[in-house]
Every structure is written in structure tokens, then in C-alpha cells.
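A structural walkthrough
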Amino acid sequence: MRALVLSDFWKLTVDDVPEPQPGPGDVLIEVLATGICGSDIHGYTGENGRRIRGQVMGHETVGRVLSVGAEAGDGIAVGDAVTVNPVLWCGRCRQCAAGREQACPDKQVVGVTPALTSAFAERMAVPARNAVRLPDGMPVEHGALVEPLAVGYHALVRGGCGAGDAVLVLGGGPIGQACVLAAQRMGAERVAVSEPAPQRRELNARLGAATIDPAGADDVPAAVRTALDGDPTLVVDAVGSARTLATAFATAPIGATVVLVGMGAPTLELAAYEISTKERSVVGSFCYSAAEFRDTAQWAATAPDALDALIEGRTDLAGGPGAFEALAKGTDPASKVLVLPQGGSR
């Protein structure tokens, strides 16, 4: 079958790779659409150290079931449209028993773990429990958005978002957008996004968030207070850089929670007094539980217009290398581009 292969950093090729070999507890999926994630771009350039040469990446995906293993159970049938939870957990450890599968010490992640069949390919095999059936009537392409939406939802859960909150999201890219939708989903009263790119600010405004241009604001904390009609009660850093974390501390009031979900840099200098003297909580967020992923797939069916707005480009496998290069160089400002392995780019 054909797949996008990371032949070298900054070089993707469309190659023939071995067909996936599903086990008795697996399902075989025809991949219909896979989103290009920011972590895929960082893997493509080699800057995050989490991808290797020769790897097939891709973890934000949706497809149709081609076959079901004899031990896969009754929840999935041939022909079902499914999204895939890319976090593979052991099911035996204490974290799995507590419903924190993303913290399983033996977890593997589709698109990150090199040995796993991944989603920038025509077909993939995954454990049946990781294939989540889409609700009837849900546009199939929207299934490729469930994974990043679940990341945003888990971040807001970690921050304790609830009714009446005023949420500031730093970074208006795909994860920032997912955080905006999650805050609304959880009942936040007001949501604002700080984002320097005009196209991303416009998209977040269409999602219902107030927007701030940090590059054009003389006083970012004042601009935040204006946008939210007061201080934020929760700040979410969807970038994860020294600059955005500093902005989080500059805008978060005493006692507030800052959620770090962006992974822009593996190491950040931390202003410790900004935490201790102002009694703030800094909370990490990574992936999602299996229950949060399933719940997000159900929720996604209720927001078709918002999800339509998130998809800003499509390409087939042949156009994949060019799409990655344009996103990595910044010549394509699109937030979310889908790769359609069966064709149909537009």
C-alpha cells in the first residue's frame, strides 16, 4: 500500500510499504482522512526529537472498517465509520484501572511509536477498543478532528473549567481552537484568544471567542481584561513557549490556574515566584482518557458548523510532501490540513 514516509527530516516521500497485519483483537481500517498535527510538523523538521527517519506518521484520523478480528467483540462492524484513539494502553496497570489510560507507563502512540501502523497511509490496523464509531449522520471528515478536540477538552478538564468561567487561551492554532470549543462545551461564560496571526484570529472569532493581537497591543494584560470584561479565571497555554508562559503569569490573577498543554519547547525557564507568591497552580495536560476521547466523538456530532470552520485545506498523498513543507515554512497559513489517502484533494 502507499504511505507518506519520513525519508529524512524535511523530506517526505510517497512509498509502497507493507500492508498492516491485524491481529485477532484488531480492526483493519481504510483511512479516509488524517489531519496534519503541529507535532507532525515538528517531527518532519526534526526539531522535537519524537520522530525518526523512515517512519510513517499520522494520528488524527478517520476511516472505514474493512475487517474485524475474531476476538474484537461486537462493538464495531465492517463498513462502520470510525475515528481512532491513537493512545494504546495496557489495560492492566493502576493508571488504566483509574481511567487514566494516557498515563499508562507502557502506552504506545500511533504516529509517534515508529513500529506502529500509522495514519498517513491507505490502511491501518488498530485494537478494536481504539476504534470509536462515529455517530450516525456525522460528516466523516469531522472524525479526523476528534483527536485534537479531545486534547483541548482534557486541558479544560484539567483546569477545572465550568459554568461562569472567563477563559484566556494563549495561541489560536488547532489546539487553541480545540480549547475554545471545549471551554464553550463546559459552560464558560467568556472566552478570549491571544494570537498574532490574523487568519487564526479571524477563525477563533468565528468560533465565538474574543480575540487579541499580542503583537499589536501595548498592554496585553489590559487587552485581556477588556476582552473578557475582567480578569481571566483560567488561563490555557496552547503554545508552550517561554513568551506565552510569561504572558500567562502576567495575565492570571492571584490564585488562578494556568494549564500548560502546548508543547512548543521541551524545556522552559519558570518564574517560580510568579507561582509561589501569587499562589497560582500550574497544571500539565497531555492527551486524554479513553472516556474523554469517546465523549468528544459524541459531542463533535453536535457542532458541525464549528468543525467545518476548522478544516482549511485538503490534499491527497501525492500532495502531502508539499503540504508539509508549506506548513513548516509558514507559506501556508492554514490551521488544519487533511490528507486524504484515497484521493479527492481540493
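The shown structure was predicted, so the numbers you read here are calculated from the model rather than taken from an experiment.

Moving on, we get to helix α1 (residues 38-45). Judged by how many residues are buried, α1 sits mostly within the fold: 6 of 8 residues are covered. Within the span of α1, buried status applies to S39, D40, I41, G43, Y44 and T45. Looking at the buried residues of α1, the elements they touch are β1 (2-8), β2 (11-16), β3 (26-35) and α11 (320-329). Downstream of α1 by a residue or two, G46 has a phi angle that is positive, lying close to 85°.

Glancing now at the sheet that holds strand β15 (residues 281-284). Strand order in the open sheet formed by 6 strands is β12-β11-β10-β13-β14-β15, with parallel pairing between adjacent strands. Since the sheet does not close on itself, it has two edges, and those belong to β12 (210-212) and β15, each with one partner. Each strand axis lies, on average, 20° off the axis of its neighbour in the sheet, ignoring direction. Sheet analysis places strand β13 (residues 234-237) next to strand β14 (residues 257-260), joined by 4 bridges and oriented parallel. When the bridges of β14 are listed, L234 appears paired with T257.

Below, the discussion takes up the pairing of strand β8 (residues 123-127). Taking burial as the measure, the 5 residues of β8 include 4 buried ones, the bulk of the element. Summarising the sheet, β3 and β8 pair through 5 bridges and their orientation is antiparallel. Residue pairing across strands places I29 opposite M124, the latter belonging to β8.

Next up on the list: the domain arrangement of the protein chain. Here the protein chain is described as being made up of domain 1 (2-133 + 312-339) and domain 2 (149-284). With centres defined by C-alpha atoms, the gap from domain 1 to domain 2 works out at 28 Å. In this assembly, 7 residues from domain 1 lie in contact with 8 residues from domain 2. Between domain 1 and domain 2, a total of about 630 Å² is buried, with carbon and sulfur atoms accounting for 46% of that surface. Among the residues of domain 1 in contact with domain 2, E312, P333 and S335 are the three that bury the most area, contributing 59% of the side total.

Attention now goes to the environment of V151. Looking at the secondary structure, you find V151 in helix α3 (residues 146-158). With 145 residues separating them in the primary sequence, V151 and T296 have C-alpha atoms 9.6 Å apart. Sequence-distant contacts of V151, defined by excluding residues within four places in its chain, comprise I175, V261, C287 and Y288.

Over its 12 residues, helix α4 (residues 174-185) extends 16 Å from the first C-alpha to the last, a length consistent with the 16 Å expected when each residue adds 1.5 Å. Residues of α4 that are buried include every one of G176, Q177, A178, C179, V180, L181, A182 and A183, and no others. Taken from the residues just after α4, G187 is the one with a positive phi, measuring 95°.

This paragraph deals with the pairing of strand β17 (residues 336-340). Within β17, 5 of the 5 residues are buried, leaving the element largely enclosed by the surrounding structure. Sheet topology places β3 next to β17; 2 bridges connect them, and they run antiparallel. Following the sheet pairing, G35 is matched in β17 by L338. With 5 bridges connecting them, strand β16 (residues 311-316) and β17 associate as parallel partners. From the neighbouring strand, I311 faces β17, where its bridge partner is K336. Considered for its hand, the β-α-β crossover made up of β16, α11 and β17 is right-handed.

Let us look at the layout of surface pockets. By volume, the second largest pocket is sized at about 270 Å³. Lining the second largest pocket are 13 residues, with S194, P196, P214, R243 and T244 positioned closest to its centre. If you tally residues by element for the lining of the second largest pocket, the top one is helix α7 (residues 242-251), at 3 residues. Taken together, the residues of the lining of the second largest pocket sort by class into 6 nonpolar, 5 polar and 2 charged.

When you line up the elements, V146 lands in helix α3. Note on V146: relative accessible area 0%, which makes it buried. When the C-alpha positions of V146 and V62 are compared, they lie 8.9 Å apart, and in sequence the two are 84 residues distant.

Phi at W10 takes a positive value of approximately 70°, unusual for a residue other than glycine. Tracing the backbone shows W10 in the loop between β1 and β2. The backbone phi angle of E279 is positive, close to 50°, even though this residue is not glycine. Its place among the elements puts E279 in the loop between α8 (272-276) and β15.

Our next topic: the pattern of salt bridges. A complete count under the given rule lists 15 salt bridges for this structure. Here K336 makes a salt bridge to E60, at a shortest N to O gap of 2.8 Å. Taken as a pair, K336 in strand β17 and E60 in strand β4 (residues 60-68) lie far apart in primary sequence, 276 residues in all. Classification of K336 by relative accessible area gives buried; the value is 3%. A relative accessible area of 1% places E60 in the buried class. D136 serves as the salt-bridge partner of R133, at 2.9 Å between the closest nitrogen and oxygen. Residues joined by salt bridges that share partners form a network here, namely R2, E19, E122 and R123.

Thresholds, definitions, all that
- Residues numbered from 1 in each chain as written.
- Predicted model: local features only at pLDDT ≥ 70, side-chain atom pairs only at ≥ 80, totals over all residues.
- Heavy atoms only, no water.
- Buried < 20%, exposed > 50% of the residue type's maximum accessible area, 1.4 Å probe, protein only.
- Helix = DSSP H or I, 4+ residues; strand = E, 2+ residues; numbered from the N terminus.
- Contact = heavy atoms within 4.5 Å.
- Pairing = 2+ DSSP bridges.
- Axes fitted to C-alpha atoms, helices over the stretch in contact; angles between N-to-C directions.
- Domains from an automatic or database assignment.
- Buried area = accessible area lost by both parts, 1.4 Å probe.
- Expected span 1.5 Å × (residues − 1).
- Right-handed = clockwise from strand over helix to strand, strands pointing away.
- 1 Å grid on protein atoms, 1.4 Å probe; cavity = no way out; pocket = protein on both sides within 12 Å on 5 of 7 lines; lining within 4 Å.
- Points joined across faces, edges and corners; volume = space filled by probe spheres on them.
- Nonpolar A, V, L, I, M, F, W, Y, C, P; charged D, E, K, R; others polar.
- Salt bridge = Lys/Arg side-chain N within 4 Å of Asp/Glu carboxyl O.

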